[in-house]
Amino acid sequence: MESIMKGIRDGASVLDMDPKSTVGGGVEDPYGEDRATEDQLVTPWTISIASGSSLLRDPHHNKGLAFAEKERDAHYLRGLLPPIVMSQELQEKKLMNSIRQYQVPLQKYMALMDLQERNERLFYKLLIDNVEELLPVVYTPTVGEACQKYGSIFRRPQGLYISLKEKGKILEVLKNWPERSIQVIVVTDGERILGLGDLGCQGMGIPVGKLALYTALGGVRPSACLPITIDVGTNNEALLNDEFYIGLRQKRATGKEYAELLEEFMSAVKQNYGEKIIIQFEDFANHNAFDLLAKYGTSHLVFNDDIQGTASVVLAGVVAALKLIGGNLAEHTFLFLGAGEAGTGIAELIALEMSKQTKVPLEETRKKIWLVDSKGLIVSSRKDSLQHFKKPWAHEHEPVNNLLDAVKAIKPTVLIGSSGVGRTFTKEVIEAVASFNEKPLILALSNPTSQSECTAEEAYNWTKGRAIFASGSPFDPVEYNGKVFVPGQSNNAYIFPGFGLGLVISGAIRVHDDMLLAASEALANQVTQENFDKGLIYPPFSNIRKISAHIAANVAAKAYELGVATRLPRPQNLVKYAESCMYTPVYRNYR
């Protein structure tokens with residue numbers, strides 16, 4: 001991946017530091033959140049000491065019915081709450097009972113967002129303790145529907161909206177955000193939300209959801225997270241004609257106007273928050289995503305989850321799956337449906353890992369990987385008409401027009417879908433793959449569930465129960481011939497929270513491909529024999545905080561090794577250090 005970026009950057013690497021760059025920013029913990037497990041008293045400061053109704057309306061400090069008798073006296077809460085004192089655990093039980101009453105996932109999403117806006121710690125307690133149940137609600141697939149209807153369900157702003165109206169004063173806009181010690185920004189321009197297309201300003205649901213997972217799964221403090229949507233318009237006619245649409249009513253700005261706004265944004269972020277601020281690009285369209293990553297990768301701490309996070313989590317699944325399907329990475333042949341950000345990003349990281357394992361040049365290992373786009377198999381005769389990020393995958397082969405014929409010609413052992421188009425792994429395609437593989441590895445990665453290339457049930461039925469299957473969105477277990485198969489979920493949420501935590505705890509100032517490989521290795525190592533026995537190639541999400549700590553430690557170790565870490569001296573035990581830095585949402589006692 002870094003090799004592709006080097007091509008776009010004319011040979012520059014993320015390790016080629018800008019001599020004018022200064023290491024700034026900070027990871028101060030003004031609220032003591034990183035030490036939330038310690039039994040120490042804190043004062044609920046906002047601008048002044050919060051008390052009375054202002055304390056109950058402050059989501060950062062509000063505990064609802066959990067305020068103790070002494071706290072109610074000290075902070076003028078008498079009469080503002082019913083007399084009962086309820087523990088956080090009982091509050092959690094009550095809310096989960098309430099959420100489970102909703103039949104519509106979007107209602108559950110809205111209930112959780114309401115909770116986040118009134119009681120932050122209880123929201124994260126629910127999310128951490130019920131991660132497998134609530135992850136599909138706050139993240140894919142429900143967040144996709146939430147973005148589609150964001151204008152209608154919009155109640156209170158979450159995050160910053162930076163539109164073309166703010167051009168020339170983005171730094172001032174950043175200073176309007178109430179928190180000063182920001183560590184992670186997730187930013188989107190809404191042009192390619194999941195597999196749903198251009199949702200414009202309504203794409204804000206994605207940064208909000210991603211950062212909720214940074215905290216719940218990776219332990220990054222909520223006050224250190226900033227969701228941002230850059231609104232340059234939308235080409236979605238339905239939104240432009242929707243009276244409830246909340247964004248700019250104009251066609252998307254492109255070219256110089258777009259580039260100048262992004263340049264001002266990136267400069268303002270670095271000026272306001274320093275060198276160590278993580279900027280995660282999310283759901284940008286292909287034509288901007290690669291260029292932004294290449295342009296700012298050498299001067300900012302940037303990460304594109306669609307290109308790099310997806311690649312890292314899929315590589316981890318493939319490496320783990322080798323214990324089930326046999327052989328090493330270089331002995332397998334990969335065929336992708338989809339040659340956009342996700343497809344080419346995954347392909348490049350697999351080729352890079354192959355190259356490292358076999359000491360074979362990257363140009364050679366790429367030849368084990370084939371990609372199919374909307375025009376058919378990517379081959380050398382198409383090279384002149386291909387976008388730059390597809391060109392490394394144009395191998396010598398006669399033209400092939402469709403996926404089924406490509407499967408028959410290439411005979412892949414691993415079939416990966418990243419097309420964003422549902423039901424494209426047809427029965428004929430799956431049966432063809434199964435005809436020359438005892439245990440075909442099938443990864444249907446497109447989100448949300450409606451866009452998945454095939455369902456888990458189809459994969460198991462059409463391969464007579466022989467498939468090793470994982471998908472981007474969750475599927476229920478499938479019974480075939482009396483055996484229950486548990487489909488894995490190749491979800492970016494395995495990687496990016498721990499990856500971000502690793503960058504934070506090491507004080508990293510650049511992202512390098514070797515750090516992505518380190519994250520994949522850590523995730524693959526967390527798959528147990530018990531998981532393999534169920535056909536799983538990913539560990540259960542119930543262990544995600546432990547998994548994130550190991551990923552963070554591996555990423556931090558690589559940052560120190562590469563010389564891009566600034567938090568010195570290096571902690572001796574990085575796993576324990578990562579765990580000690582994790583935010584935990586237990587209530588604090590107020591004096």
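On a predicted model such as this, the values are computed, not experimentally measured, just so you know.

1. A short note on the sheet that holds strand β14 (residues 488-489)
Part 1 of the reasoning: One open sheet holds the seven strands; their spatial order is β8-β7-β6-β9-β10-β11-β14, and the pairing between them is mixed. The open sheet has two edge strands with one neighbour each: β8 (376-377) and β14.
Part 2 of the reasoning: Direction of pairing for strand β9 (residues 414-417) relative to strand β10 (residues 441-444): parallel, over a ladder of four bridges. Residue pairing in the sheet places Leu415 in a bridge with Ile442 of β10.
Part 3 of the reasoning: Relative to the sheet, helix α15 (residues 305-325) contacts β6 (334-337), β9, β10 and β11 (468-471), its axis offset from that of β10 by approximately 155°.

2. Points about the pattern of salt bridges
Part 1 of the reasoning: According to the stated counting rule, one finds 28 salt bridges in the structure shown.
Part 2 of the reasoning: Here Lys149 and Glu145 are joined by a salt bridge, their closest N and O atoms 2.7 Å apart.
Part 3 of the reasoning: Classification of Lys149 by relative accessible area gives partly exposed; the value is 37%.
Part 4 of the reasoning: In this structure, the salt-bridge partner of Lys167 is Glu260, at a minimum N-O distance of 2.9 Å.

3. Observations concerning helix α18 (residues 403-410)
Part 1 of the reasoning: Within the span of α18, buried status applies to Leu403, Ala406, Val407 and Ile410. Taken around the axis of α18, the buried residues stretch over an arc of 100°, which confines them to a single face.
Part 2 of the reasoning: For α18, the elements touching its buried residues are β6, β7 (369-373), β8, β9 and α19 (427-435).
Part 3 of the reasoning: If you check the start of α18, you find a side-chain oxygen 3.2 Å away from the backbone N of Leu404, and it comes from Asn402.

4. What about empty space enclosed by the protein?
Part 1 of the reasoning: A full pass over the atoms with the stated rule returns three cavities of 30 Å³ or more.
Part 2 of the reasoning: Looking at the largest cavity, its volume works out to about 140 Å³.
Part 3 of the reasoning: Surrounding the largest cavity, Tyr109, Met110, Met113, Asp114, Glu117, Tyr150, Ile153, Phe154, Arg155, Arg156 and Gln158 form its lining.
Part 4 of the reasoning: In terms of residues, the lining of the largest cavity owes the most to one element, helix α5 (residues 105-118), which gives five residues.
Part 5 of the reasoning: Classifying every residue of the lining of the largest cavity by side-chain character gives six nonpolar, one polar and four charged.

5. Observations concerning the sheet that holds strand β3 (residues 225-231)
Part 1 of the reasoning: Strand order in this open sheet of five strands is β1-β3-β2-β4-β5, and the pairing throughout is parallel. Looking along the sheet, the strands with just one partner apiece sit at the ends: β1 (160-163) and β5 (301-304). Strand-to-strand twist in this sheet, taken as the mean axis angle between neighbours without regard to direction, amounts to 25°.
Part 2 of the reasoning: Examined bridge by bridge, strand β4 (residues 278-281) and β5 share four bridges and lie parallel to one another. Looking at the pairing, Ile279 lines up with Val302 of β5.

6. A few points about the packing of aromatic side chains
Part 1 of the reasoning: One pass over the structure, following the stated rule, counts 14 aromatic pairs.
Part 2 of the reasoning: Judged by centre distance (5.3 Å) and plane angle (15°), the rings of Tyr494 and Tyr538 are stacked. Residue Tyr494 is located in the loop between β14 and α21 (496-506), and its partner Tyr538 is located in the loop between α23 (529-533) and α24 (544-562); the two are separated by 44 residues in the primary sequence.
Part 3 of the reasoning: Under the relative-accessibility criterion, Tyr494 is labelled buried at 3%.
Part 4 of the reasoning: Through a chain of ring-to-ring contacts, three or more aromatic side chains come together here, namely Tyr460, Phe469, Phe475 and Phe485.
Part 5 of the reasoning: Cation over ring: Lys63 sits above Tyr590, and NZ or CZ is 4.9 Å from the ring centre.
Part 6 of the reasoning: If you follow Lys411 out to its NZ or CZ, it ends over the ring of Phe436, 5.7 Å from the centre.

Conventions adopted
Residues numbered from 1 in each chain as written. Predicted model: local features only at pLDDT ≥ 70, side-chain atom pairs only at ≥ 80, totals over all residues. Heavy atoms only, no water. Pairing = 2+ DSSP bridges. Helix = DSSP H or I, 4+ residues; strand = E, 2+ residues; numbered from the N terminus. Contact = heavy atoms within 4.5 Å. Axes fitted to C-alpha atoms, helices over the stretch in contact; angles between N-to-C directions. Salt bridge = Lys/Arg side-chain N within 4 Å of Asp/Glu carboxyl O. Buried < 20%, exposed > 50% of the residue type's maximum accessible area, 1.4 Å probe, protein only. Arc of directions from axis to C-beta. Polar contact = N/O pair within 3.5 Å; in protein donor to acceptor, adjacent residues only side chain to side chain. 1 Å grid on protein atoms, 1.4 Å probe; cavity = no way out; pocket = protein on both sides within 12 Å on 5 of 7 lines; lining within 4 Å. Points joined across faces, edges and corners; volume = space filled by probe spheres on them. Nonpolar A, V, L, I, M, F, W, Y, C, P; charged D, E, K, R; others polar. Phe/Tyr/Trp six-rings, centres within 6.5 Å; stacked < 30°, edge-to-face > 60°. Lys NZ or Arg CZ within 6 Å of the ring centre and 35° of its normal.

Such coordinate-based values are descriptive only and should not be taken to indicate function.
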